[in-house]
Amino acid sequence: QTVGVRRGTVSLTTVRFCMRLRRVYIKRSGGEIASEACYAAWKGFSAKGYPLDFFEWQDLKQRCLKLDRETLVVGGTTTVHMALQQIGIEPPLPLNIPQQLRKSAGRRIWGTTLGELRDTVLHSGFEACFIKPETATKSFPGFVVRNESDLDQITHLADETRLQASEPVTFMTEWRYFVHDEKVVGLAHYAGDWTVHPSPETVKSAVAAFSAAPIAYALDYGLTETGESLLVEANDAFALGAHGIDPLVYALMLEDRWLEITEPA
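Residues numbered from 1 in each chain as written. Predicted model: local features only at pLDDT ≥ 70, side-chain atom pairs only at ≥ 80, totals over all residues. Heavy atoms only, no water.

Asker: Would you mind going over the pattern of salt bridges with me for this structure?
Answerer: For side chains bearing opposite charge, pairing can occur when the charged atoms are close. What the rule picks out here adds up to 15 salt bridges. One salt bridge connects Arg 22 with Asp 68, and the closest N-O pair in it is separated by 2.2 Å. Here Arg 22 is found in the loop between strand 4 (15-16) and strand 5 (23-29), whereas its partner Asp 68 is found in the loop between helix 2 (57-61) and strand 8 (71-74), with 46 residues between them in sequence. Among the residues examined, Arg 22 registers a relative accessible area of 49% and is labelled partly exposed. (Salt bridge = Lys/Arg side-chain N within 4 Å of Asp/Glu carboxyl O. Helix = DSSP H or I, 4+ residues; strand = E, 2+ residues; numbered from the N terminus. Buried < 20%, exposed > 50% of the residue type's maximum accessible area, 1.4 Å probe, protein only.)

Here you go:
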């Protein structure tokens, strides 16, 4: 099957592809397509001619879907994690700020536990830090801890919870760069001043340096007030916000990453 697509002002080469999936399940919520990303996937996989079905959260939770390696599930992180577990595959760990790209972050980054942080924040001389889950993806959204009361929002989590901590950085603008097969295939502005953007050369260098990267992922980059282009974080493509990227490009990223994750050992 052959499809010609155009993204923004850049003409993409004609895309040729074969059917590598038997079916694609796309999440709904209350009868409506669950998110902008799910809608983009629906458009992209429709263009590819794949058989499509919709499901609600309870359908997946109650194991009503016939899942296997050739049946891709589109939804949020929790949804895709559950789908992978149902076919006997351990979900990948979050990319966060990969070791190979630590220099691109431009700030100190370290691993800790919630218990260690709770102890440290009580001591005099504690310096504010930004925290996010290191392994339990989406157990809470990242935030800056300045004092003990800031930890009230995660009192339900155990002391053993692994965290990635870093020095806080203020960004003027933040952009997402979509990377597929070692090439930037799209970008989107998602926070701050849209009239400024990070250095393209910095992003290209990061893509080249990230040799341990999955086949499809995104790099979020920000620009500081001093003009530094710094990595905010990396995000895996198996459950990735689309932010207006071309639907066919987005579907190809989801497909390649799903097959990479489910590849037999």
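Asker: Would you mind showing me how to read the nonpolar core here?
Answerer: For soluble globular proteins, nonpolar side chains are generally found buried alongside one another. Ranked by size, the top nonpolar core spans 40 residues in total, and within it Phe 45, Val 74 and Trp 258 carry the most contacts. At the level of elements, strand 5, helix 1 (36-48), strand 8, helix 3 (77-86), strand 14 (183-192), strand 15 (216-224) and helix 7 (247-261) are the ones that each hand at least two residues to this core. In terms of residue count, the dominant contributor to this core is helix 7 (eight residues). Ranked by size, the runner-up nonpolar core spans 17 residues in total, among them Leu 95, Trp 175, Val 207 and Ala 234. (Core = buried A, V, L, I, M, F, W, Y, C linked by side-chain atoms within 4.5 Å.)

Asker: Just to check I follow, could you spell out unusual backbone geometry for this structure?
Answerer: For residues that are not glycine, phi is negative in most cases, and the peptide bond is trans in most cases. Phi is positive for Glu 182, close to 70°, though the residue is something other than glycine. Of note, Glu 182 is situated in the loop between strand 13 (171-180) and strand 14.

Asker: Just to check I follow, could you spell out the packing of helix 1 against helix 7 for this structure?
Answerer: Two quantities define a packed helix pair, namely the angle between the axes and the distance from one axis to the other. In the contact formed by helix 1 and helix 7, the axes pass within 7 Å of each other and the chain directions differ by 90°. Put simply, helix 1 runs roughly perpendicular to helix 7. Along the contact surface, helix 1 presents Ala 37, Ala 40, Ala 41, Lys 43, Gly 44, Phe 45 and Lys 48, while helix 7 presents Pro 247, Leu 248, Tyr 250, Ala 251, Leu 252, Leu 254 and Glu 255. Residue composition of the contact of helix 1 with helix 7, by class: ten nonpolar, one polar and three charged. (Axes fitted to C-alpha atoms, helices over the stretch in contact; angles between N-to-C directions. Parallel < 35°, antiparallel > 145°, perpendicular 65-115°, else oblique. Contact = heavy atoms within 4.5 Å. Nonpolar A, V, L, I, M, F, W, Y, C, P; charged D, E, K, R; others polar.)

Asker: Help me understand the packing of aromatic side chains, please; the structure alone is not making it clear to me.
Answerer: The description of an aromatic ring pair rests on the distance of the ring centres and on the angle between the ring planes. Applying the stated criterion across every chain yields a total of six aromatic pairs. Both rings, one in Phe 210 and one in Tyr 217, keep their centres 5.2 Å apart while their planes meet at 80°; by these two values the pair is edge-to-face. Tyr 217 shares its class with Phe 210; the two are buried. Taking NZ or CZ as reference, Arg 108 lies 3.9 Å from the ring centre of Trp 110, over its face. Between Arg 176 and the ring centre of Tyr 190, over which it is positioned, the NZ or CZ distance is 5.9 Å. (Phe/Tyr/Trp six-rings, centres within 6.5 Å; stacked < 30°, edge-to-face > 60°. Lys NZ or Arg CZ within 6 Å of the ring centre and 35° of its normal.)

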